[in-house]
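Listed below are the residues making up each chain.
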Amino acid sequence: MNNKYLPLGIDLFFCLILLPAMITLLPVERWLENNSTFVVLLVGWLYTVYFLTRKACVPMLFRSRRQLIIALCLLVGTVLVTWLVTQYQMEFPFRGDHPRSERIRRVTNLSKIRLHQQGTWFLYLVTICFSIAVGLLTELYRQMSERQSVEFEKKKAELALYKAQINPHFLFNTLNTLYGLMLAQSEKAEAAFVQFIHLVKYMYTRATQDKVSIAEEAQYIEQYIELQKNRLDESRTQVDYTYENDHACPNAQIAPMLLITFVENALKYGTSAHEKSLIRIRLQVKDNTLCFIAENPIVNPRPADKAHGIGIANCRKRLELLYPSAHKLNIQEQDGWYKVELEIKLSA
């Protein structure tokens, strides 16, 4: 049953099954036959107690102190009204012509009245306990739903912030490349601008989406690498990029622009105009798992007094929000090499 209709199902269960069954199973004689007014009064009151407690009293227990006092007063009021209900003068037929019959009738009526009073209190206690339990569960579920909704909106806002930070980061790095080509009056500048236009188009049409196909993201990475090659001396710097997909899950998707930060860093710190370097970037999708590896020699190290950029931090945050228990990120800096290994378990 949908959680939305679960409280309604519980209410119907109590009203149509549980309460009638308890009245029927109580060891009392001919309630409806001899005291129909009392039965109608009692059933109506028990329904009132149930819904008053579940809908009003229990929710007020979790609000202000004033409402807590009101809820407790209402519960005390139900006890007083139930006591008044037990004082209802019930009638029980009795047959007998013996002189002692009147005395026997009074004793019998008294015992039956006490039995019915005990039965009334029993029904009240079961009703109040059941309604409090259901009310507490309903209130707990409501608070959990609200908390999840707030957490979802918070994550959504954080992701929007990180996406907003990605675009300037990308534009800054790419415009630096174009600026360098223009200063050198390179013949590659025109082709680079065309590539830049394609990348910007992808960024503004796909980056706003929650997910994109892995093939599109792989093509975007390849186009970005080709653009950055325009500023590299290919005789000194080699970029080895491979993409493999076993198509076991052809509709697999990934958050857009999630991997580009690692590619940017590899091309930024793994290239130099004076040293040879080999940058390896591998993207593989196998058995519904995405594996990404980026390796580069540290030939252009970050200055010691310069803090890490926002790119890696944003990427970590996005991974934690989007794939909280479905990713592994390992970043190592060892023996003059910088290596990023990322695994993401893709949804079917």
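First, a word on what this report is: a plain description of the structure on this page. Since the model is a prediction, treat every value here as computed from it, not as a measurement. (Residues numbered from 1 in each chain as written. Predicted model: local features only at pLDDT ≥ 70, side-chain atom pairs only at ≥ 80, totals over all residues. Heavy atoms only, no water.)

**Quick word on the overall build of the protein**
Quick note on the threshold: Starting at the N terminus, helices and strands are each numbered in turn, a helix being any DSSP run of H or I of at least four residues and a strand any DSSP run of E of at least two. Only protein chains enter the accessibility calculation, which uses a 1.4 Å probe. A residue is then buried if its area is under 20% of the maximum for its type, exposed if over 50%, and partly exposed in between. Residue contacts are defined here by distance: any two heavy atoms, one from each residue, within 4.5 Å place the two residues in contact. What sets the accessible areas is the Shrake-Rupley method with a 1.4 Å probe; for residues, cover comes only from the shown protein chains.
For the protein, the helix and strand inventory stands at nine helices and seven strands. For the protein, with 348 residues in total, the buried portion stands at 36%. At a minimum sequence separation of 6, the contacts of the protein that also span at least 24 residues come to 75%. Counting only carbon and sulfur atoms, one obtains 58% of the accessible surface of the protein, whose full area is about 21000 Å².

**Looking at the nonpolar core**
Selection rule: Definition of nonpolar core: a set of buried residues of the types Ala, Val, Leu, Ile, Met, Phe, Trp, Tyr and Cys, connected through side-chain atoms within 4.5 Å.
Ranked by size, the top nonpolar core spans 46 residues in total, and within it Ile254, Val263, Leu290, Phe292 and Ile344 carry the most contacts. For this core, the secondary-structure elements that each account for two or more residues are helix H6 (189–206), helix H7 (214–229), strand S2 (237–245), helix H8 (260–269), strand S4 (277–286), strand S5 (289–297), helix H9 (310–322) and strand S7 (337–345). Sort the elements by how many residues they give to this core and H7 lands first, with seven residues. Ignoring anything within four residues of it in the chain, the contact list for Val263 reads Ile221, Tyr224, Ile225, Ile281 and Phe292. With 22 residues, the next largest nonpolar core counts Leu75, Val85, Tyr124 and Val134 among its residues.

**Here's the deal with the pattern of salt bridges**
Close approach of charged atoms lets side chains of opposite charge pair. We count it as follows: For this document, the term salt bridge refers to a Lys or Arg side-chain nitrogen within 4 Å of an Asp or Glu carboxyl oxygen.
In the structure shown here, the tally under the stated rule is seven salt bridges. A network of salt bridges, in which partner residues are shared, links Arg280, Glu295, Lys339 and Glu341.

**Some thoughts on the packing of H6 against H7**
Applicable threshold: To define axes, lines are fitted to C-alpha atoms, for helices over the stretch in contact only, and angles between the resulting N-to-C directions are given on a 0 to 180 degree scale. Should an angle fall under 35 degrees it is called roughly parallel, over 145 degrees roughly antiparallel, and 65 to 115 degrees roughly perpendicular, with every other angle called oblique. The hand of a helix crossing depends on one turn: near helix anticlockwise from the far one by less than a right angle means left-handed, and clockwise means right-handed. Residues are sorted three ways: Asp, Glu, Lys and Arg are charged, Ala, Val, Leu, Ile, Met, Phe, Trp, Tyr, Cys and Pro are nonpolar, and all the rest, Gly among them, are polar.
It is the contact of H6 with H7, at a shortest axis distance of 10 Å, that shows an interaxial angle of 150°. By the angle class used here, H6 and H7 are roughly antiparallel. Note that H6 runs across H7; the crossing there is left-handed. Packed against H6, whose contacting residues are Ala192, Gln195, Phe196, His198, Leu199, Tyr202 and Arg206, the element H7 presents Glu216, Glu217, Tyr220, Gln223, Tyr224, Glu226 and Leu227 at the interface. The residue inventory of the contact of H6 with H7, partitioned by class, reads seven nonpolar, three polar and four charged.

**Some remarks on the side chain of Thr78**
In plain terms, the rule: Under the rule applied, a polar contact is a pair of N or O atoms within 3.5 Å (in protein, one hydrogen donor and one hydrogen acceptor; residues adjacent in sequence only if both atoms are side-chain atoms).
Structurally, the position occupied by Thr78 is in helix H4 (residues 65–86). You can call Thr78 buried: its relative accessible area is 2%. Engagement of the side chain of Thr78 in a polar contact is seen with the side chain of Tyr124, the distance being 2.7 Å. Excluding its chain neighbours within four sequence positions, the residues that come into contact with Thr78 are Trp45, Val49, Leu52 and Tyr124.

**Some points on the sheet that holds strand S6 (residues 327–334)**
So the rule is basically this: Pairs of strands are assigned from DSSP output, requiring at least two bridges between the strands.
Pairing within the open sheet is mixed, and its five strands lie in the order S2-S4-S5-S7-S6. The two strands at the open ends of the sheet, each matched to only one other strand, are S2 and S6. Each adjacent strand pair in this sheet contributes to an overall mean axis angle of 5°, direction not counted. Sheet topology note: the S2/S4 ladder contains nine bridges and is parallel.

**Considerations on the environment of Ala192**
Tracing the backbone shows Ala192 in helix H6. Given a relative accessible area of 0%, Ala192 falls into the buried group.

**Some remarks on H4**
An α-helix turns once per 3.6 residues; consequently, residues spaced three or four apart project the same way. This is how the line gets drawn: An expected span of 1.5 Å times one less than the residue number is assigned to each helix. The arc in question is traced by the directions running from the helix axis to the C-beta atoms.
Here H4 contains 22 residues, and its C-alpha end-to-end distance of 32 Å stays within 8% of the 32 Å for a straight helix at 1.5 Å per residue. Looking only at H4, the buried set comprises Ala71, Leu75, Thr78, Thr82, Val85 and Thr86. Relative to the axis of H4, the buried residues are bounded by an arc of 100° and lie together on one face. Away from its buried face by more than 90 degrees, H4 exposes Arg65, Arg66, Leu80 and Leu84.

What is shown is where atoms sit, not what they do.
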